[in-house]
Amino acid sequence: MNIYLDSGDSAAVQRVSYSLPIAGVTTNPSILARGKLAPETCLTQLRVAIGPDKPLFAQVLAETAEEMVHEARALYARDRATVVKIPVTREGLAAIGLLRGSGIPTLGTAVYAPIQGLLAALAGAAYVAPYVNRIDAQGGSGLQCVRELQSLLSQHAPDCQMLAASFKSPRQVLDCMLAGCRHVTLAVDIAEQLLQSPAVDAAVAQFKTEWEQAFGQQTIGTPQR
């Protein structure tokens, strides 16, 4: 199971990575635009935040297959641990196919239907990313899409991995994990909600109170006098 952060904020990535075992970072043009930094600067800062080897996902902006391939090669040339995100459009599928034999790993993004994800996988994508909450918002079932896509990949494209995206609650994340999804990417606020538990905080506070009532400030490692 791998958890990625969907963020362009390198400081937030470092903060969350202190507690969570983050496998890498995903970005998209909207995320980079919100950061108000030059894209190259933002990607460089994210690379420093996650270290030299973890995957950093960066997305092309071009709309034709030829231009997508050109952008993909440029992204990969600047950082060999990059996975290039390509929207699963007609041109995007062609670009994924053209990049298949080049050694540049790709992720088919903006997946709203299981067959769309399978086509990206068959074209050569290393990952496909269904948009769970966005599917729900359109009246569909993001969880059902994840289940059906997982089944299709297992049967027909076992070398491709699903990396589910677009979550609005930890419950959605858990449901996808239970459905067999082994890779998820989370916005920072969703990732931090995984670490929040008022009941746990209350239990720890109770432990401390009762210990101090019995032993004062003495800790388990404090020598007895």
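Look up: the structure comes first, before these words.
Residues numbered from 1 in each chain as written. Predicted model: local features only at pLDDT ≥ 70, side-chain atom pairs only at ≥ 80, totals over all residues. Heavy atoms only, no water.

Trainee: Could you give me a rundown of the overall build of the chain, with the residues and numbers involved?
Mentor: Helix and strand content of the chain: eleven helices and eight strands. Per-residue burial over the chain gives 44% buried out of 225 residues. Long-range contacts, defined as pairs at least 24 residues apart, comprise 55% of the intrachain contacts of the chain with a sequence gap of at least 6. A total accessible area of about 12200 Å² is found for the chain, and carbon and sulfur atoms account for 54% of it. When the 18 positive and 19 negative side-chain charges of the chain are each reduced to one mean point, those points stand 3 Å apart. (Helix = DSSP H or I, 4+ residues; strand = E, 2+ residues; numbered from the N terminus. Buried < 20%, exposed > 50% of the residue type's maximum accessible area, 1.4 Å probe, protein only. Contact = heavy atoms within 4.5 Å. Areas by Shrake-Rupley, 256 points an atom, 1.4 Å probe, with all protein chains shown as cover. Lys, Arg positive; Asp, Glu negative; His and termini not counted. Charge placed at Lys NZ, Arg CZ, Asp CG, Glu CD.)

Trainee: Can you explain the sheet that holds strand β3 (residues 56-59)? Please cite residues and give values.
Mentor: Strand order in the open sheet formed by eight strands is β7-β6-β5-β4-β3-β2-β1-β8, and the pairing between neighbours is parallel. Only two strands of the sheet have a single neighbouring strand rather than two, namely β7 (161-162) and β8 (183-186). Examined bridge by bridge, strand β6 (residues 127-130) and β7 share two bridges and lie parallel to one another. Bridge pairing links valine 128 to methionine 162 in β7. Each of β4 (82-87) and β5 (106-111) is contacted by helix α5 (residues 90-99), which is oriented at about 150° to β4, the strand it contacts most. (Pairing = 2+ DSSP bridges. Axes fitted to C-alpha atoms, helices over the stretch in contact; angles between N-to-C directions.)

Trainee: Before we move on, can you summarise the pattern of salt bridges with the specific residues and values?
Mentor: Overall, the coordinates contain three salt bridges when judged by the stated rule. Arginine 47 is the partner of aspartate 79 in a salt bridge, and the nearest nitrogen-oxygen pair spans 2.8 Å. Taken together, the positions of aspartate 79 in the loop between α4 (65-78) and β4 and arginine 47 in helix α3 (residues 39-50) put the pair 32 residues apart, joining distant regions of the chain. The exposure classification of aspartate 79 matches that of arginine 47, with both residues buried. (Salt bridge = Lys/Arg side-chain N within 4 Å of Asp/Glu carboxyl O.)

Trainee: An account of helix α11 (residues 198-215) is needed here, citing residue identities and associated values.
Mentor: Here α11 contains 18 residues, and its C-alpha end-to-end distance of 26 Å stays within 8% of the 26 Å for a straight helix at 1.5 Å per residue. Positive phi appears at glycine 216, one or two residues downstream of α11, with a value of about 65°. (Expected span 1.5 Å × (residues − 1).)

Trainee: Hey, could you go over the nonpolar core for me, with residue numbers and the actual values?
Mentor: A general tendency of soluble globular proteins is for nonpolar side chains to be buried together. In terms of nonpolar packing, the biggest core is built from 56 residues, with Ile86, Leu153, Phe167, Val184 and Leu186 touching the most fellow members. The residues touching phenylalanine 167, leaving out its near neighbours within four places in the chain, are Val132, Asn133, Gln172, Val173, Cys176, Val184, Thr185, Leu186 and Ile190. Among the nonpolar cores identified, the runner-up in size contains eight residues, and Ala23, Phe57, Val83 and Leu163 belong to it. (Core = buried A, V, L, I, M, F, W, Y, C linked by side-chain atoms within 4.5 Å.)

Trainee: I'd love a proper account of unusual backbone geometry, names of residues and values included.
Mentor: Of note in this structure, lysine 36 is not a glycine but carries a positive phi near 60°. Tracing the sequence through the fold places lysine 36 in the loop between α2 (29-35) and α3.

Trainee: Describe the packing of α5 against helix α6 (residues 114-123), with residues and values.
Mentor: Axis separation between α5 and α6 bottoms out at 8 Å; the angle between their running directions is 25°. Comparing the axis directions of α5 and α6 gives the class roughly parallel. Listed contacts from α6 to Leu93, Ile96 and Gly97 of α5 are Leu119, Ala120 and Ala123. (Parallel < 35°, antiparallel > 145°, perpendicular 65-115°, else oblique.)

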